[in-house]
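Residue strings, one per chain:
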Amino acid sequence: MTDEATAPDPVTADGVAPLWSRAADRIREEIARRGLSEGSRLPPERELCTRLDVSRVTLRRALAHLVEQGLVTASHGRGWFVAAPTAPTPARDWPKDLESFTATARRKHMRPGSLVLRHDTVTASLDDADRLGVPAGTPLTRLERVRLLNDVRIALDRTLIVAALAPDLSRTDFREASLFDELRRWGVAPEYAEATIEARTADETLAGHLAIAPGAPVLVLDQTVYTRDRRPLLLSTVEYGGDRYRLRTTLQTA
């Protein structure tokens, strides 16, 4: 996966910003009004929830947005702090970079995590077998996770891996582990991917996993990931909440 796991400042259909975005604006305004400098500690989450009249989930989503903007940073077990100013970095060239969700999160100084929905072995369907270049019925490791950034639900990730290429994955706890890192341990590092991206709407099941409304827009990344020797390694479909993900790339003339 290659991504800029960020959220633009969205508005709803009636032109009103969602509650988490308004909460983020109020925190930003408070930092500016009080002249808080780098390293200043924000009030505890419980106090912020009371001040802003929002739930803990809404508050964390607002804070995650401010982390992505480089305004605040989290210290595990200590709370939230005003971040050090950083120089702007150029946009990533999306078509050429293959980066895991975990690596992207850490690059943005955010905390990745997963809720594991399924982690088992299935047999390849005709379609899956054709895409992976294996016989139908070949054992595949199935991994389905709700991906989190600072405890905010960002995406539903469904992955199928040729089991024989990394037979010990069944023992891995993927609540914290990076799939790409585990695959590298087996010498089958993901090297490149062929991907398609399209917009859809969330059905009730997906909406429940992502804590969004049924019918809300989602961005779907479907990809086949290959090893360096051009062997298909895995299939991955990642469905992002439409207001929680932004794809950014650089275009230039030939």
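The structure contained in this document is the topic of the report that follows. Computed from a predicted model, the values in this text were never measured in an experiment. Counting of residues starts from 1 at the beginning of each chain's written sequence and follows it residue by residue. Totals for whole chains, interfaces and linings use all residues, but because this is a predicted model, local features are given only for residues with pLDDT of at least 70 and pairs of side-chain atoms are given and counted only at 80 or more. Only heavy atoms go into the side-chain values, all of them from the structure, while hydrogens and water stay out.

So, helix α1 (residues 19-34)
Secondary structure follows DSSP: runs of H or I at least 4 residues long count as helices, runs of E at least 2 residues long count as strands, and numbering of each begins at the N terminus. Multiplying 1.5 Å by the helix residue count minus one yields the expected span of that helix. With 16 residues, α1 extends 23 Å between its outermost C-alpha atoms, agreeing within 8% with the 22 Å of an ideal straight helix rising 1.5 Å per residue. Buried within α1 are the following residues: W20, S21, A23, A24, I27 and I31. One face of α1 carries all of its buried residues, which in axial projection span an arc of 160°. Exposed residues lying more than 90 degrees from the buried face of α1 are E29, A32 and R33. Residues of α1 that are buried in the fold lie against α2 (45-52), α3 (56-68), β1 (72-75) and β2 (79-82). Trailing α1 by a residue or two, G35 shows a phi angle of about 65°, which is positive. When accessible area is computed with a 1.4 Å probe and restricted to protein chains, residues below 20% of their type maximum are described as buried, those above 50% as exposed, and intermediate ones as partly exposed. To be clear, the arc concerns the directions from the helix axis to the C-beta atoms. The contact criterion used throughout is that any non-hydrogen atoms of two residues lie within 4.5 Å.

Brief notes about the pairing of strand β5 (residues 152-162)
The buried fraction of β5 amounts to nine of the 11 residues, a majority that puts the element mostly inside the structure. For strand β4 (residues 139-149) and β5, the ladder comprises 10 bridges, and the chain directions are antiparallel. By the bridge assignment for β5, R142 is matched with L160. Counted along the chain from β4 to the antiparallel partner β5, the turn is two residues long, and its residue N150 has a positive phi close to 50°. Two strands make a pair as long as DSSP finds a minimum of two bridges between them.

Let's talk about the nonpolar core
In terms of nonpolar packing, the biggest core is built from 29 residues, with I27, I31, L42, L59, V72 and I154 touching the most fellow members. The set of elements that each furnish at least two residues to this core consists of α1, α2, α3, β2, α4 (101-107), β5 and β8 (232-241). Tallying contributions element by element places α3 first for this core, with six residues. With residues near it in sequence (within four places) discarded, L59 still touches I27, E45, L48, C49, L52 and V54. In these notes, a set of buried Ala, Val, Leu, Ile, Met, Phe, Trp, Tyr and Cys residues joined through side-chain atoms within 4.5 Å is what counts as a nonpolar core.

A look at unusual backbone geometry
Among all residues save glycine, negative phi is the norm, and among peptide bonds the norm is trans. The phi dihedral of N150 is positive, around 50°, even though this residue is not glycine. Of note, the phi angle at D151 is positive, near 70°, even though the residue is not glycine. Position of D151 relative to the elements: it lies in the loop between β4 and β5.

Details of the sheet that holds strand β6 (residues 192-201)
The sheet built from six strands is open, its strands ordered β3-β4-β5-β8-β7-β6 with antiparallel pairing. This sheet does not close on itself; its edge strands, each paired only once, are β3 (112-123) and β6. This sheet shows a mean twist of 15° between the axes of neighbouring strands, independent of strand direction. Pairing analysis gives 10 bridges linking β6 to strand β7 (residues 217-226), with the strands arranged antiparallel. Structural elements are reduced to axes, namely lines fitted to C-alpha atoms, with helices fitted over the stretch in contact, and the angle between N-to-C directions of any two is expressed from 0 to 180 degrees.

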